[in-house]
Number of protein chains: 2
Amino acid sequence: MAVYTEVNDEDLACFVAEYDIGGVLACKGIAEGVENTNYILRTEKGAYILTLYEKRVRRDDLPFFMALMEHLSASGVTCPTPIRRRNGKVLGELAGRPAALISFLEGVWIKKPNVEHCGAVGRALAAMHNATLGFPMERPNALSLAGWETLYSQADGRADSVQAGLDAAIAEELAFHRAHWPQGLPTGVIHADLFPDNVFFLKGRLSGLIDFYFACTDILAYDVAICLNAWCFEPDHAYNATKGRALLAGYRAVRPLSDAEMAAMPVLARGSALRFMLTRLVDWLNVPPGALVKPKDPLEYWKKLRFHQRVAGPAEYGFDL
Amino acid sequence: MAVYTEVNDEDLACFVAEYDIGGVLACKGIAEGVENTNYILRTEKGAYILTLYEKRVRRDDLPFFMALMEHLSASGVTCPTPIRRRNGKVLGELAGRPAALISFLEGVWIKKPNVEHCGAVGRALAAMHNATLGFPMERPNALSLAGWETLYSQADGRADSVQAGLDAAIAEELAFHRAHWPQGLPTGVIHADLFPDNVFFLKGRLSGLIDFYFACTDILAYDVAICLNAWCFEPDHAYNATKGRALLAGYRAVRPLSDAEMAAMPVLARGSALRFMLTRLVDWLNVPPGALVKPKDPLEYWKKLRFHQRVAGPAEYGFDL
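All figures in this text were calculated on a predicted structure; none of them were measured in a lab.

Draft legend 1. Main features of unusual backbone geometry. All names here are of chain A. At K203, a position not held by glycine, the phi torsion is positive, near 50°. Tracing the sequence through the fold places K203 in the loop between strand 8 (199-202) and strand 9 (205-209). What makes K203 exposed here is its relative accessible area of 65%.

Draft legend 2. Structural view of the nonpolar core. Core analysis: the biggest nonpolar cluster contains 187 residues, and I170(A), W231(A), L281(A), I170(B), W231(B), L268(B) and L281(B) have the highest contact counts within it. Discounting residues that sit within four places of it in the chain, I170(B) has contacts with Y152(B), A159(B), L274(B), M277(B), L278(B), L281(B) and W302(B).

Draft legend 3. Region of interest: the sheet that holds strand 8 of chain A. Residue and element names in this part refer to chain A. Read across the open sheet, the three strands follow the order 6-8-9; overall the sheet is antiparallel. At either margin of the open sheet sits one strand with a lone partner, and together these are strand 6 (108-109) and strand 9. In the sheet, strand 6 pairs with strand 8 via two bridges, with the strands oriented antiparallel. Residue pairing in the sheet places W109 in a bridge with F200 of strand 8. Lying on the sheet, helix 3 (residues 115-132) is in contact with strand 8 and strand 9; it crosses strand 9 at an angle near 40°.

Draft legend 4. Up close: the domain arrangement of chain A. All names here are of chain A. Domain boundaries assigned for chain A yield domain 1 (9-104) and domain 2 (109-317). When each unit is reduced to the centre of its C-alpha atoms, the spacing between domain 1 and domain 2 is 27 Å. Taken together, the contact pairs 20 residues of domain 1 with 19 residues of domain 2. Here domain 1 packs against domain 2, burying approximately 1,700 Å² in sum over the two surfaces, 75% of which is carbon and sulfur. Across the contact surface, domain 1 and domain 2 share one salt bridge. Our enumeration of links across domain 1 and domain 2 arrives at four residue pairs in polar contact (both at pLDDT 80 or more). Element by element, the count of residues in the side of domain 1 that touches domain 2 is highest for helix 2 (residues 62-74), at nine residues. Tallied by class, the residues present in the side of domain 1 that touches domain 2 amount to 13 nonpolar, five polar and two charged.

Draft legend 5. Main features of the environment of P82(A). All names here are of chain A. Locating P82 in the fold gives a position in the loop between helix 2 and strand 4 (92-94). In this structure, the C-alpha to C-alpha distance between P82 and I226, residues 144 residues apart in sequence, is 26 Å. Discounting residues that sit within four places of it in the chain, P82 has contacts with M66, M69, E70, V90, L101 and I102.

Draft legend 6. Layout of the pattern of salt bridges. Under the defined criterion, the tally for this structure stands at 30 salt bridges over all chains. Residues R58(A) and D61(A) are paired through a salt bridge, measuring 3.3 Å at the closest nitrogen-oxygen approach. Here D61(A) falls in the buried class, since its relative accessible area comes to 9%. Residues E70(B) and R84(B) are paired through a salt bridge, measuring 2.9 Å at the closest nitrogen-oxygen approach. Placement of the pair is E70(B) in helix 2 (residues 62-74) and R84(B) in the loop between helix 2 and strand 4 (92-94), with a sequence separation of 14 residues. E70(B) gets classed as partly exposed once you look at its relative accessible area, which sits at 23%. Its relative accessible area of 46% is what places R84(B) among the partly exposed residues.

Draft legend 7. Quick peek at the side chain of S272(B). Looking at where S272(B) falls in the secondary structure, it is placed in helix 8 (residues 259-285). Aside from chain neighbours lying at most four places away, what touches S272(B) is Y222(B), A225(B), I226(B) and N229(B).

Draft legend 8. Summary view of the packing of aromatic side chains. Inspection of every chain in the model, using the stated rule, returns 32 aromatic pairs over all chains. Ring plane angle 65° and centroid distance 4.9 Å describe the contact between F195(A) and F276(A), whose orientation is recorded as edge-to-face. With F195(A) in the loop between strand 7 (187-190) and strand 8 and F276(A) in helix 8 (residues 259-286), the pair connects residues that are 81 residues apart, well separated along the chain. The interplanar angle of 90° and the centroid separation of 5.3 Å between the aromatic rings of W148(B) and W181(B) together place this pair among those described as edge-to-face. Here W181(B) lies in the loop between helix 5 (166-180) and strand 7 (187-190) and W148(B) lies in helix 4 (residues 145-155), a separation of 33 residues in the sequence. Each member of the pair, W148(B) as well as W181(B), carries the same accessibility label: buried. A network of ring pairs unites the aromatic residues Y53(A), F64(A), F65(A), F135(A) and Y213(A) as a single cluster. The aromatic ring of W109(B) is capped on one face by K111(B), whose charged end is 4.1 Å from the ring centroid.

Draft legend 9. The arrangement of the environment of A264(A) in detail. Residue and element names in this part refer to chain A. Relative to the assigned elements, A264 resides in helix 8. For A264, a relative accessible area of 9% translates into the label buried. In this structure the C-alpha to C-alpha distance between A264 and Q183, which are 81 residues apart in sequence, comes to 9.6 Å. Sequence-distant contacts of A264, that is, excluding residues within four places in its chain, are made with P182 and L185.

Draft legend 10. How the structure looks around the state of the cysteines. Residues and elements named next belong to chain B. The tally for this structure, following the rule as stated, stands at zero disulfides over all chains. Between C227, a free cysteine, and C232, which holds the nearest cysteine sulfur, the sulfur-to-sulfur gap is 8.1 Å. On the basis of relative accessible area, C227 is assigned to the buried category, the value being 0%. The closest cysteine sulfur to the non-disulfide-bonded C232 is located on C118, 4.3 Å from its own sulfur. What makes C232 buried here is its relative accessible area of 0%.

Draft legend 11. Structural context of the sheet that holds strand 8 (residues 199-202) of chain B. Pairing in this open sheet of three strands is antiparallel, and the strands run 6-8-9 (chain B) from one edge to the other. Only two strands of the sheet have a single neighbouring strand rather than two, namely strand 6 (108-109) and strand 9 (205-209) of chain B.

Draft legend 12. Here's a closer look at the side chain of H117(B). When you line up the elements, H117(B) lands in helix 3 (residues 115-132). Take H117(B): its relative accessible area is 12%, and that puts it in the buried class.

Definitions and limits used
Residues numbered from 1 in each chain as written. Chains lettered and ligands numbered in written order. Predicted model: local features only at pLDDT ≥ 70, side-chain atom pairs only at ≥ 80, totals over all residues. Heavy atoms only, no water. Helix = DSSP H or I, 4+ residues; strand = E, 2+ residues; numbered from the N terminus. Buried < 20%, exposed > 50% of the residue type's maximum accessible area, 1.4 Å probe, protein only. Core = buried A, V, L, I, M, F, W, Y, C linked by side-chain atoms within 4.5 Å. Contact = heavy atoms within 4.5 Å. Pairing = 2+ DSSP bridges. Axes fitted to C-alpha atoms, helices over the stretch in contact; angles between N-to-C directions. Domains from an automatic or database assignment. Buried area = accessible area lost by both parts, 1.4 Å probe. Salt bridge = Lys/Arg side-chain N within 4 Å of Asp/Glu carboxyl O. Polar contact = N/O pair within 3.5 Å; in protein donor to acceptor, adjacent residues only side chain to side chain. Nonpolar A, V, L, I, M, F, W, Y, C, P; charged D, E, K, R; others polar. Phe/Tyr/Trp six-rings, centres within 6.5 Å; stacked < 30°, edge-to-face > 60°. Lys NZ or Arg CZ within 6 Å of the ring centre and 35° of its normal. Disulfide = S-S within 2.5 Å.

Below you can see the structure in the form of structure tokens.
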């Protein structure tokens, strides 16, 4: 939630002149996106999001993200799409960083999602998965099993400072996934970060998906498991089976899930909880003392993980089997 | 530069329903304003700034700021103006804070102002001063002489940790102002914080003034002195007489300055530099170790103050007398 890079008005005018969007009317840094710097740009032709890609995003990955947004938009998935420059390209440079102009998507994200929101997210996620099947590019998931091991080593034995016994428990969980991570399930391009702040609603209807900068090639059902963790737990960390059922029903109405995908859901949900717990843990351990930005609590995801560990099968999520 | 308060989508919808502006299309926190939380709100009727007043702004001062913006707008000064609610009031409450919806002003602020920008700012400042003469409300300047003494006591003898000898030098400067601060000059409502980030330009023309939350009743020429400090020094802290001349000429073309106001300029400029040096000093001394937000350097304003101390009279600023 920060503007990492200031943009000079003269540099901005030169950047905008590379597009057929008229002159700059206003440009304001917005407090969204932890990885990049984002501005709302208003020009004579409309409103846009101007994104400067900071160093946490690999430059080599940018063509994948740009092409994916274009492909999804062209396939009827409502999402931001990069605007083409006069030279036909979508990436430029501004303030020494790769930069792109992205269409502005209307809608607000829902702070307290209800059952209907969960159903809508399930349907939108399945529609996105169906649309990515024709997408030719691939990007390995840097935050899958091997990535979790790397994160664990970055925690460097300090997990017990967050909760006694956590370090050994993570090691055990990693060993479980090495042995049980599902093989042979359908893969495709997944969003991989479809939290409530990345889904916009307008007048009660889902108006679009944003932030594809974790998108990668992985098990499609893993994306469903991520959403279960992100949407179907209450603030007290209790799983809400009604929301889980709605999310799954919404998804399956658009893309059926095989028996193998359903059976794998508890393991995928455990893995997803572990993934977000680990990134939060590393952020938590590396925050400078007295920092003004409070990192997210890794234990929230540890509690979710513990829930999934105790689940015997997909029926316990309240899914209609 | 922060969003201090998150706004729930449901609370926002209720708040917006109090206005005749249609439904919410988008709402994004912007990285502007150090005192308040600001969002760009897009509704079916247009774009607005939604401001939540945080605790650094006194609630009792809000009616003054609201009325001032309305008065200036009605007087032809291009500035944001509060939107009236269905009940005729301009202040509401959102997320437990006083909140107002303000018109959206187009333009961008200039990172490296040139001589023409300085002339335009002088003219706009004088036009604002002329417009405030008919404004009936008053607000004492909390950051004038008595406020400087308070800030100095808050620095609590620690100024020497920033620069050796600074503590005694400030005490000496405060004594100078107690003895020499001008009396009897024309007063009115001043902006008191007209830095480049509070002045918007569009296609080379000044398009408006923003951020009236330091506005108060004080010596009009003191506002000119604040602008001299804010606009007419180069990044190496050297005074640029061409810019100073342009700013003064712009101002005097719209509101003449008396001989007494001109003669007081060096003292007013010293006082203005001291005021910004002191607020920066207190912020600097109170920043938590490891904080992600770097406070502004108080010594920048100490160098400007030292320049004004050596000035013998207004002619040395390059002004046409």
